[in-house]
Amino acid sequence: MAGLVSSRGCHKIRGSQIRELLDSKLNVLFDCDGVIWNGETVVAGAPEVVTLLKQQGKKVFFITNNCTRPRASYVTKFIRLGFTDVAEEEIFSSAYCSAAYLRDVAKLQGKVYVIGCQGVVKELREAGVPIVEEDTNAPTGTIYDYPLDPEVKAVLVGYDEKFDFIKLAKACCYLQNTECLFLATDPDPWHPLRGGRITPGSGSLTAAVETASSRKATVIGKPSCFMFECIASQFNLDPGQSLMVGDRLETDILFGANCGLDTMLTLTGVSTLEEAHGYKDSDDPERKDFVPDYVVETIADFIEAYEEEEG
Amino acid sequence: MAVSKCTRLNGPLIKQMLDSVDSVLFDCDGVIWRGDQAIPGAPDVINLLKKNGKKVFFVTNNSTKTRKMYADKMALMGFNATEDEVFGTAYCSAMYLKHVSRLQGKVYLIGSNAMRQELEKVGIQQTGVGPDPISGVQIDWANVPLDPEVKAVVVGFDEHFSYMKLNRALQYLNNPDCLLVGTNTDTRLPLEGGKAVPGTGCILKAVETAAQRQAQTVGKPNHFMYDCVASQFGLDRTRCLMVGDRLDTDILLGSNCGLKTLLTLTGVSTVADAEAHQESGCPKRLGMVPDYYVESIAELLPALQG
């Protein structure tokens, strides 16, 4: 099998190499956490990079598994952190894409039972997808006895800080009907916070529901391709002319590989160069899709790539 | 040499089989009761086995009751059983932590009051039992105060399971020296009245996924529960029968420990399930094929009464 070894090279690049790569691409897709910001702290130079790429005529998109905010709230965050020209249409979160999937792909006729935070609920409402409205003031029942809505045709699991046993039990009941769809916003087992701390992610909640129902969720977020299909359907993107830039090998880089994009790992977030090389050196053929084509220390390196040319 | 398996137990074979064992281990849910209803004939079976000089034990993955609570339930239902004959995972997890993990420190517990009681009985303090609703914002959750004496996260059935509990468990498990122990992996918990809710397996899966590591499981099919019984009562495994309704827990435990195994059809698994494992030829699945099966343990009565 030696001749079939992956060509994904894990090449650390800077300067003119970055310039050459970017010149060959029309579209750049950025993950957010760990790439353009970390929590409430911008990655130095990120706003300038976005402006620069747009000046060069590139289309720029932001593609994040983080479903805790609706798109309008992301726009506010972009502005707050110094990005001057990011439009709502360029932001694709797993919450937005889950709503789009239910409305446009599944063409859901019925309601969604949502296990999710306000970020998820708002995107569903914005998309006009009917959800089970729970009156938070009314008693929700006990784990043995709770009301079910007969119009539920889908269950969506996302990040939910109010997740509890009753929600798990209800979701499991709805999913006993094999015609009820089962979606998850994203598979991330944990989310990084400031200072290297982590908090449980949507993936851990989805795992509980999958175990209870003996069913597998359809995952909308990276590394599944749906979010790329969502962008491509609105903006007519050619994967061959698109670059995915991310910080998590198992999410962003695998996503890029799955969708046929070139991939770039930036080292300002979760994954390390050692981990990338670990996947590269692995004998397991499935691991090759975790290996990025390119690696940069930070996306701010794009700036000097263009400055060098002008020098 | 092919060993005959999955044999319908009837006629003279019943007495023959019973004469070949001194001890019988029974699962509870789906075997001797369903919820709070005894399987018809089950109390007589247990009581007659004892009268006939057999040792009888109860081995259940259910972590919601202490040994005393089980003994009380059994007394109400007409079973002649004592506290020390009952091995539930609340008790066995405490034993595991005390004697196998040799835990020096506290436990962060996602579990029931029963688990808390069994832990306290062996001198292990816990923190975390009961409701734990979310408050504050994300960064607060990563900074929840951690009790420095906690050396293990223990997960059992918990109707108060919440994101906050999952979060606390994750923060403790950030320390690679912190143990992760689960009572069992059953995906459903059978309830009084015949209903079922998501089981401990779901809660444990959430914790394992967030922490990206596997728990040590105490309950069936892990051999620990058999070891617990055997070490206290000096059992001869060659003269021991495991009776259960689930192939992947009860029967597999029996196979793993070299016991004879009897499947009863009053619970979860079917004969078709057993035959599918048998025909698979897969070594891992063969352990789930019982030696014998009956429709209900009540079928043992004629041989016991005779």
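Residues numbered from 1 in each chain as written. Chains lettered and ligands numbered in written order. Predicted model: local features only at pLDDT ≥ 70, side-chain atom pairs only at ≥ 80, totals over all residues. Heavy atoms only, no water.

You'll find chain B entered in an unreviewed UniProt entry as Glycerol-3-phosphate phosphatase, with Oncorhynchus kisutch given as the organism. Quoted verbatim from the Subunit (unreviewed entry) field of the UniProt record, the comment on chain B reads "Homodimer." For chain B, the Sequence similarities (unreviewed entry) comment in UniProt is given as "Belongs to the HAD-like hydrolase superfamily. CbbY/CbbZ/Gph/YieH family." (UniProt positions renumbered as here; feature names shortened; annotations may be inferred.)

The name an unreviewed UniProt entry gives chain A is Pyridoxal (pyridoxine, vitamin B6) phosphatase, with Oncorhynchus kisutch as the organism.

Engineer: In this structure, what is going on with the overall build of chain A? I would like to understand it.
Structural biologist: In terms of helices and strands, chain A carries eleven helices and 15 strands. Relative to a compact globule of 311 residues, whose C-alpha radius of gyration would be 19 Å, chain A shows 20 Å and is just as compact. In terms of overall dimensions, chain A has C-alpha extents of about 70 × 50 × 40 Å along its principal axes. The buried share among the 311 residues of chain A stands at 56%. (Helix = DSSP H or I, 4+ residues; strand = E, 2+ residues; numbered from the N terminus. Rg over C-alpha atoms; globule rule 2.2 N^0.38 Å. Buried < 20%, exposed > 50% of the residue type's maximum accessible area, 1.4 Å probe, protein only.)

Engineer: Looking at this structure, how should I read the packing of aromatic side chains?
Structural biologist: For any pair of aromatic rings, the description rests on two quantities: the centre-to-centre distance and the angle between the ring planes. The tally for this structure, following the rule as stated, stands at 27 aromatic pairs over all chains. Between F30 of chain A and F302 of chain A, the ring centres sit 6.4 Å apart and the planes meet at 40°, which makes this aromatic pair tilted. Taken together, the residues span a long stretch of sequence, with F30 of chain A in strand β2 (residues 27–30) and F302 of chain A in helix α11 (residues 301–310) at a distance of 272 residues. Here F30 of chain A matches F302 of chain A in class, with each residue buried. Look at Y113 of chain A and Y174 of chain A: their rings are 5.2 Å apart centre to centre, the planes differ by 40°, and that puts the pair in the tilted class. Here the residue Y113 of chain A occupies a position in strand β7 (residues 111–115), and Y174 of chain A occupies one in helix α6 (residues 165–174), the gap between them amounting to 61 residues. Of the two residues, Y113 of chain A and Y174 of chain A, neither departs from the other in class, the shared state being buried. Lying across the ring of Y96 of chain A, R71 of chain A places its NZ or CZ 3.6 Å from the centre. Taking NZ or CZ as reference, R67 of chain B lies 4.9 Å from the ring centre of F87 of chain B, over its face. (Phe/Tyr/Trp six-rings, centres within 6.5 Å; stacked < 30°, edge-to-face > 60°. Lys NZ or Arg CZ within 6 Å of the ring centre and 35° of its normal.)

Engineer: Would you take a moment to explain helix α3 (residues 71–80) of chain A for this structure?
Structural biologist: Three or four residues apart is the spacing at which side chains of an α-helix point the same way, because the helix has 3.6 residues per turn. Residue and element names in this part refer to chain A. Along α3, the residues classified as buried are R71, Y74, V75, K77 and F78. Down the axis, α3 shows its buried residues gathered within 160° of arc, on one side only. G82 lies just past α3 and shows a positive phi near 100°. (Arc of directions from axis to C-beta.)

Engineer: Would you mind showing me how to read the packing of helix α4 (residues 89–100) of chain B against helix α5 (residues 113–121) of chain B here?
Structural biologist: The geometry of a pair of packed helices is captured by two quantities: the angle between their axes and the separation between those axes. Residues and elements named next belong to chain B. Following both chains from N to C, one finds α4 and α5 inclined at 40°, their axes separated by 8 Å at the closest point. Classed by the angle they form, the pair α4 and α5 counts as oblique. Of the two elements, α4 crosses α5, and the hand of that crossing is right-handed. Where α4 abuts α5, its residues A90, Y91, S93, A94 and L97 lie against A114, M115, E118 and L119. Across the contact of α4 with α5, the residue classes tally to seven nonpolar, one polar and one charged. (Axes fitted to C-alpha atoms, helices over the stretch in contact; angles between N-to-C directions. Parallel < 35°, antiparallel > 145°, perpendicular 65-115°, else oblique. Left-handed = near helix turned anticlockwise from the far one by under 90°. Contact = heavy atoms within 4.5 Å. Nonpolar A, V, L, I, M, F, W, Y, C, P; charged D, E, K, R; others polar.)

Engineer: Would you mind showing me how to read the UniProt feature "active site" (unreviewed entry) in chain A here?
Structural biologist: All names here are of chain A. According to UniProt, the feature "active site" (unreviewed entry) maps to D31 and D33 in the numbering used here. Tracing the chain through its elements places D31 in the loop between β2 and β3 (37–38). Leave out the neighbours within four places in its chain, and D31 touches I36, I63, T64, K222, M244, V245, G246, D247 and D252. At a separation of 2.9 Å, a polar atom in the side chain of D31 contacts the side chain of K222. Only 3.3 Å separates the side chain of D33 from the side chain of W37, close enough to count as a polar contact. (Polar contact = N/O pair within 3.5 Å; in protein donor to acceptor, adjacent residues only side chain to side chain.)

Engineer: Would you explain the environment of V229 of chain B in this entry?
Structural biologist: Residue and element names in this part refer to chain B. Turning to its location among the elements, V229 is positioned in helix α9 (residues 224–233). A sequence separation of 127 residues divides V229 from R102, and the C-alpha atoms of the two residues are 19 Å apart. Not counting chain neighbours up to four residues away, the residues in contact with V229 comprise F57, V59, F87 and L235.

Engineer: Explain the side chain of T249 of chain B here, please?
Structural biologist: All names here are of chain B. Checked against the element boundaries, T249 lands in helix α10 (residues 247–256). Judged by its relative accessible area of 6%, T249 is buried. Apart from residues lying up to four places away in sequence, T249 is in contact with N61, D186, K220 and P221.

Engineer: Looking at this structure, I do not really get the sheet that holds strand β6 (residues 91–93) of chain A. What am I missing?
Structural biologist: Two pairing modes exist for strands in a sheet, parallel and antiparallel, and in both the strands are linked by backbone hydrogen bonds. All names here are of chain A. As summarised here, the arrangement of the seven strands in space is β1-β15-β14-β13-β2-β5-β6, forming an open sheet in which the pairing is parallel. Strands at the two margins of the open sheet, each flanked by one partner only, are β1 (11–12) and β6. Note that strand β14 (residues 262–266) and strand β15 (residues 294–296) share three bridges and pair parallel. Each residue of the ladder has a partner; that of L265, found in β15, is V295. (Pairing = 2+ DSSP bridges.)

Engineer: Whenever I open this one, the UniProt feature "binding site: Mg(2+)" (unreviewed entry) in chain A confuses me. Can you help?
Structural biologist: All names here are of chain A. In the numbering used here, UniProt assigns the "binding site: Mg(2+)" (unreviewed entry) feature to D31, D33 and D247. On the basis of their most widely separated C-alpha atoms, the annotated residues across 217 residues gather in one place, lying no more than 8.0 Å apart. By the secondary structure assignment, D33 is in the loop between β2 and β3. Beyond its immediate chain neighbours, meaning those up to four positions away, D33 contacts T64, N66 and D247. Classification of D247 as buried rests on a relative accessible area of 2%. Setting aside residues no more than four positions away along its own chain, D247 makes contact with D31, D33, G34, V35, D252, L265, T266, G269, V270 and S271.

Engineer: Sorry if this is basic, but what is going on with the UniProt feature "active site" (unreviewed entry) in chain B here?
Structural biologist: Residue and element names in this part refer to chain B. Per the UniProt record, "active site" (unreviewed entry) is found at D27 and D29. Turning to its location among the elements, D27 is positioned in the loop between β2 (23–26) and β3 (33–34). Within polar-contact distance, the side chain of D27 engages the side chain of K220 at 2.9 Å. With residues near it in sequence (within four places) discarded, D29 still touches T60, N62, P190 and D245.

Engineer: Which parts of the structure should I look at to understand the pattern of salt bridges?
Structural biologist: Where charged atoms of side chains with opposite charge meet at close range, the side chains can pair. Residue and element names in this part refer to chain A. A full pass over the atoms with the stated rule returns 32 salt bridges over all chains. Among the ionic pairs, D284 bridges to R287, the shortest N-O distance being 4.0 Å. Classification of R287 as partly exposed rests on a relative accessible area of 34%. Via salt bridges that share partners, E40, R69, K77 and R80 belong to a single interconnected network. (Salt bridge = Lys/Arg side-chain N within 4 Å of Asp/Glu carboxyl O.)

Engineer: Please clarify how the environment of K51 of chain B should be interpreted in this entry.
Structural biologist: Mapped onto the elements of the fold, K51 of chain B is located in helix α2 (residues 42–51). Note on K51 of chain B: relative accessible area 73%, which makes it exposed.

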